[in-house]
Amino acid sequence: MGTKAYFRGIVEFSNICTKDCYYCGIRKSNRNVKRFTIPEEDIIKSAVWAYKAGYGSAVFQSGERSDPEFVDMVERVLLAVKEQTNGKLGITLSLGEQAYKTYERWRKAGAHRYLLRIESSNSDLYKKLHPEDHSHAKRIECLKSLRKADYQVGTGVMIGLPFQTIDHLADDILFFKKIDIDMIGMGPFIFHKETPLFQHSKKWYKTDKELLTMGLKMIAATRIFLKDVNIASTTALQALKNDGRELGLKAGANVIMPNTTDTKYRESYKLYENKPCTDENASQSRGSLEKSIESIGETIGFNEWGDSPHCFTRKKF
Ligand code: SAM
């Protein structure tokens, strides 16, 4: 994939979530989070900012909702962003499990990539990390629906989870291949105090160094196995080491997602502790990132969508 890295400006626009994943800081049962949804015009502004900064693409991520108000709101935002950027900003969504019709509507409104992590390809491990009513099979169905709705589809897993073995991680990579995925966003798992999984934090403790090494090895092994997919160097790597994302690029990733969410909301979008850049504004993030990426001998694909080459050669649905 060469030495070009692509930016996706990520806008984390709401932490209201109907899901209750045992590991996630914004799960619905966590009463200690101030809930927010960024007003539509501010979400649009952040995406247009990313476009003007030359990022080429934006990612919209939030807690999971599928009520009609939410679906309509996302559709309006997509249409407005497409209009205000002359259709030139690539848009990835990361909004969880939705009905096929919803995926279709958002695709028509302008999104063309979707990231839905399987979290673990092993259904028994998935069960240990989620309440009864969260379904592994449904998540796989959603990945298929996304493909059918003509998205470039991404998935991924958390690395270093309680109960997770090296065999599970190897199987995760085989799963990426089996479902013929276009993009991968995976990163180290980091405990959050206000989640049920925290009770396992002593037994399953790993140092930052161990977690970072596992994250980098997963990227490297996946890159060797899947040569033409996009792989993101995720923020969780940066939480473990200042230059974690740059190390991710060196290990084989080719996408970075600088945070372009208004800083006043970032404190409340904490999926895990020590989430970096919560008080750094978007332009600071851009400046420091640009310098550090150049320092490792990579270039930045400004103003390009940077689609995964795999999606042009793989089987169509
Ligand atoms: N609700 C959407 C979904 O489930 O796809 C998108 C938002 S969700 C917060 C985004 C991702 O955050 C999840 O797919 C999960 O892998 C990751 N995440 C949540 N808690 C985490 C933690 N404690 N450590 C690392 N990653 C975490």
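Residues numbered from 1 in each chain as written. Predicted model: local features only at pLDDT ≥ 70, side-chain atom pairs only at ≥ 80, totals over all residues. Heavy atoms only, no water.

(A) Molecular detail of the overall build of the chain. A count of helices and strands for the chain gives twelve helices and ten strands. Since a compact globule built from 317 residues should have a radius of gyration of about 20 Å, the 18 Å found for the chain is in line with a globular shape. The dimensions of the chain, computed from C-alpha atoms along their principal axes, are 50 × 45 × 45 Å. Counting across all 317 residues of the chain, residues that qualify as buried make up 58%. Pairs at least 24 residues apart make up 75% of the contacts formed inside the chain by residues separated by at least 6 positions. (Helix = DSSP H or I, 4+ residues; strand = E, 2+ residues; numbered from the N terminus. Rg over C-alpha atoms; globule rule 2.2 N^0.38 Å. Buried < 20%, exposed > 50% of the residue type's maximum accessible area, 1.4 Å probe, protein only. Contact = heavy atoms within 4.5 Å.)

(B) Region of the structure containing the pattern of salt bridges. Applying the stated criterion across every chain yields a total of 20 salt bridges. With a closest N to O distance of 2.8 Å, Asp72 and Arg105 form a salt bridge. Residue Asp72 is located in helix α2 (residues 68–84), and its partner Arg105 is located in helix α3 (residues 100–108); the two are separated by 33 residues in the primary sequence. By relative accessible area, Asp72 is classed as partly exposed at 29%. Between Glu104 and Lys101 there is a salt bridge; the shortest N-O distance is 3.7 Å. Of this pair, Glu104 and Lys101 both sit in helix α3, three residues apart, which is roughly one turn of the helix. Owing to a relative accessible area of 59%, Lys101 belongs among the exposed residues under this scheme. (Salt bridge = Lys/Arg side-chain N within 4 Å of Asp/Glu carboxyl O.)

(C) Structural context of the packing of aromatic side chains. With the rule as written, the count across this model stands at 13 aromatic pairs. Their ring planes at 75 degrees and their centres at 6.3 Å tell us that Phe70 and Trp106 sit as a pair that is edge-to-face. Of the two residues, Phe70 is situated in helix α2 and Trp106 in helix α3; the sequence distance between them amounts to 36 residues. An identical accessibility class is assigned to Phe70 and Trp106; each is buried. Centroid distance Tyr103 to Tyr114: 5.0 Å. Interplanar angle 75 degrees. Geometry classified as edge-to-face. (Phe/Tyr/Trp six-rings, centres within 6.5 Å; stacked < 30°, edge-to-face > 60°.)

(D) The environment of Val157, seen in detail. Here Val157 lies in the loop between β5 (152–155) and β6 (158–159). Here Val157 falls in the buried class, since its relative accessible area comes to 0%. In this structure the C-alpha to C-alpha distance between Val157 and Ile219, which are 62 residues apart in sequence, comes to 11 Å.

(E) Main features of the pairing of strand β3 (residues 90–94). Extensive coverage of β3 is indicated by the burial of five of its five residues. Across the two faces of β3 the burial is the same, with Gly90, Thr92 and Ser94 and Ile91 and Leu93 all buried. Handedness of the β-α-β unit built from strand β2 (residues 57–62), α2 and β3 comes out right-handed. In the sheet, β3 pairs with strand β4 (residues 113–115) via two bridges, with the strands oriented parallel. Looking across to β4, one finds that Thr92 is bridged to Arg113. (Right-handed = clockwise from strand over helix to strand, strands pointing away. Pairing = 2+ DSSP bridges.)

(F) Main features of the site of the ligand. Close contacts around the ligand come from 18 residues, with Tyr23, Arg117, Glu119, Arg139 and Ile190 the closest. Taking Tyr23, its main chain carries an N or O atom lying 3.2 Å from a nitrogen atom of the ligand. Contact between the ligand and Leu271: a nitrogen atom at 3.4 Å from a main-chain N or O atom of the residue. Considering the ligand on its own, with 560 Å² of exposed area, one finds that the protein chains cover 93% of that surface. Classifying every residue of the shell around the ligand gives ten nonpolar, four polar and four charged. (Near = heavy atom within 4 Å. Polar contact = N/O pair within 3.5 Å; in protein donor to acceptor, adjacent residues only side chain to side chain. Areas by Shrake-Rupley, 256 points an atom, 1.4 Å probe, with all protein chains shown as cover. Nonpolar A, V, L, I, M, F, W, Y, C, P; charged D, E, K, R; others polar.)

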